[in-house]
Amino acid sequence: MSSILIRQAGPMLTVQDLGRVGLQHLGVSGSGPTDGPSMRMANRLVGNDDGQAVLEFAHVGGHFEVAEPVRFAVTGGDVEITVDGERRHGWESFALLPGQVLKIGALRDAVWGYLALSGGIETPPVLGARSTHLRTGIGGLEGRRLAAGDRLPLGTTNPAPMRALTQAFRRPLGPVRVVKGPQADHFGASAWQDFLGAGFVVSGQRDRMAQMLEGPIVRAALGHDIVSDGTVSGSIQVPASGRPIVLMAERQTTGGYPKIATVASIDLPRLAQAMTGAPVRFKVISQDEAETLYLGQSQALNAALAGLEEKSEMTKPQREQVDE
């Protein structure tokens, strides 16, 4: 069986697929990718189905080798990629041969990156998915972050050409859109003015579970403790500190803080990819509008995926000529 050897691991390197579905009522978090569209594009570039497992990393990728020839693609943001010192590009697929070393450097305009390999990562599924959930230690490889020396099994590479993303998939600009949360009425007019008016900054206190925002203190007139109820990705909890916390892929399934709003699905990947220190402003929209926008984004993503263009592997002189 083919495999990938991790020679050097960046922070938060984990195995992720589309996550676990239908188990939240049993206390099982869905997990899955932090930036779903980027993961889907990486998979399609190498000829995989959308849900095949990939490697997700934060900030820096790492160094990798394979036992048999594969195709690979890196998405998520702008990043330096080399194979035996020769430059490769993100949002395209390339061949990786045994003995060659793939190096993925630091993301320059994003937080989360994705490495897809043809055939997908084939660690044993746990509760219906291969996604790693770090806080409960399930999925992926022993439920943990990957480290140098780890070797992961790969599925069979399907015969398919190299591909490049020719139609840009553009993320929306402007304020992050939210729908009022289940405890929206816990917050008075002044709290809503603070939440929507002054704006926030993405804190360095962030991981796959949640990210904290710095800025105005948001006070709940009816208090900051509730009977615990369900959460979803994008739930914005406000604890007694008054500092909003946005729940992400590895969120807990229930929470006892009031939820002022929920980030619209169309904007959640954009917020997840916002660099630490980036400004964030919120805008309230209706649930119907959020659903319409998400359907429109899905259509745009499908159009971008349908526009994947076959390409041939370029030699170093050819690639340098193109770069000039």
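Refer to the structure above for everything that follows.
Residues numbered from 1 in each chain as written. Predicted model: local features only at pLDDT ≥ 70, side-chain atom pairs only at ≥ 80, totals over all residues. Heavy atoms only, no water.

Engineer: Before we go on, may I ask you to explain the overall build of the protein chain in this structure?
Structural biologist: Tallying secondary structure elements over the protein chain gives five helices and 23 strands in all. Taken over the C-alpha trace, the protein chain has a radius of gyration of 20 Å; the compact-globule value for 324 residues is 20 Å, and the two agree within 12%. Counting over 324 residues, the protein chain shows a buried share of 53%. Of the roughly 14000 Å² of accessible surface on the protein chain, 52% is carried by carbon and sulfur atoms. (Helix = DSSP H or I, 4+ residues; strand = E, 2+ residues; numbered from the N terminus. Rg over C-alpha atoms; globule rule 2.2 N^0.38 Å. Buried < 20%, exposed > 50% of the residue type's maximum accessible area, 1.4 Å probe, protein only. Areas by Shrake-Rupley, 256 points an atom, 1.4 Å probe, with all protein chains shown as cover.)

Engineer: For this particular structure, what's the right way to read the nonpolar core?
Structural biologist: For soluble globular proteins, the rule of thumb is that nonpolar side chains tend to be buried together. Core analysis: the biggest nonpolar cluster contains 39 residues, and Phe195, Ile236, Ile260 and Phe282 have the highest contact counts within it. At the level of secondary structure, the elements contributing two or more residues to this core comprise α1 (36–45), β3 (54–58), β10 (112–117), β13 (176–180), α2 (189–197), β14 (200–206), β20 (259–263) and α3 (268–272). Ignoring sequence-local partners within four residues, the contact set of Ile236 consists of Val178, Phe195, Pro244, Ile245, Val246, Pro258, Lys259, Ile260, Ala261, Val263 and Phe282. Counting 27 residues, the second largest nonpolar core, distinct from the first, contains Val70, Ile81, Ile121 and Leu152. (Core = buried A, V, L, I, M, F, W, Y, C linked by side-chain atoms within 4.5 Å. Contact = heavy atoms within 4.5 Å.)

Engineer: Help me understand the packing of α1 against helix α4 (residues 287–306), please; the structure alone is not making it clear to me.
Structural biologist: Packed helix pairs are specified by the crossing angle of their axes together with the interaxial distance, meaning the distance between the axes. Contact pair α1 / α4: the axes reach a minimum separation of 10 Å and the direction vectors enclose 20°. In terms of axis orientation, α1 runs roughly parallel to α4. By crossing handedness, the relation of α1 to α4 is classed as right-handed. On α4, the residues touching Pro37, Arg40, Met41 and Arg44 of α1 are Leu301, Asn302 and Leu305. By residue class, the composition of the contact of α1 with α4 is four nonpolar, one polar and two charged. (Axes fitted to C-alpha atoms, helices over the stretch in contact; angles between N-to-C directions. Parallel < 35°, antiparallel > 145°, perpendicular 65-115°, else oblique. Left-handed = near helix turned anticlockwise from the far one by under 90°. Nonpolar A, V, L, I, M, F, W, Y, C, P; charged D, E, K, R; others polar.)

Engineer: Is there a simple way to think about the pairing of strand β5 (residues 70–75) in this case?
Structural biologist: Looking along a regular strand, one sees the side chains alternate between the two faces of the sheet. Buried residues dominate β5, accounting for six of its six residues. Along β5, one buried face is formed by Val70, Phe72 and Val74 and the opposite face, lined by Arg71, Ala73 and Thr75, is buried too. Across four bridges, the pairing between β5 and strand β8 (residues 93–96) is antiparallel. When the sheet's bridge partners are listed, Val70 is paired in β8 with Leu96. (Pairing = 2+ DSSP bridges.)

Engineer: I tried to follow the layout of surface pockets on my own but got confused; where do I start?
Structural biologist: The gaps left among the atoms become clear once a water-sized probe is rolled over them. What the largest pocket holds in volume is close to 980 Å³. Taken together, 34 residues make up the lining of the largest pocket; nearest its centre are Ser233, Ser265, Leu268, Pro269 and Tyr294. When residues in the lining of the largest pocket are grouped by element, the largest group, seven residues, is from α4. Taken together, the residues of the lining of the largest pocket break down into 16 nonpolar, twelve polar and six charged. In this structure, the second largest pocket occupies an estimated 550 Å³ of space. Gly76, Asp109, Arg171, Arg270 and Gln273 are the residues nearest the centre of the second largest pocket, which is lined by 26 residues in total. The set of elements that each furnish at least two residues to the lining of the second largest pocket consists of α1, α3 and β21 (279–280). The residue makeup of the lining of the second largest pocket, split by class, is 15 nonpolar, six polar and five charged. (1 Å grid on protein atoms, 1.4 Å probe; cavity = no way out; pocket = protein on both sides within 12 Å on 5 of 7 lines; lining within 4 Å. Points joined across faces, edges and corners; volume = space filled by probe spheres on them.)

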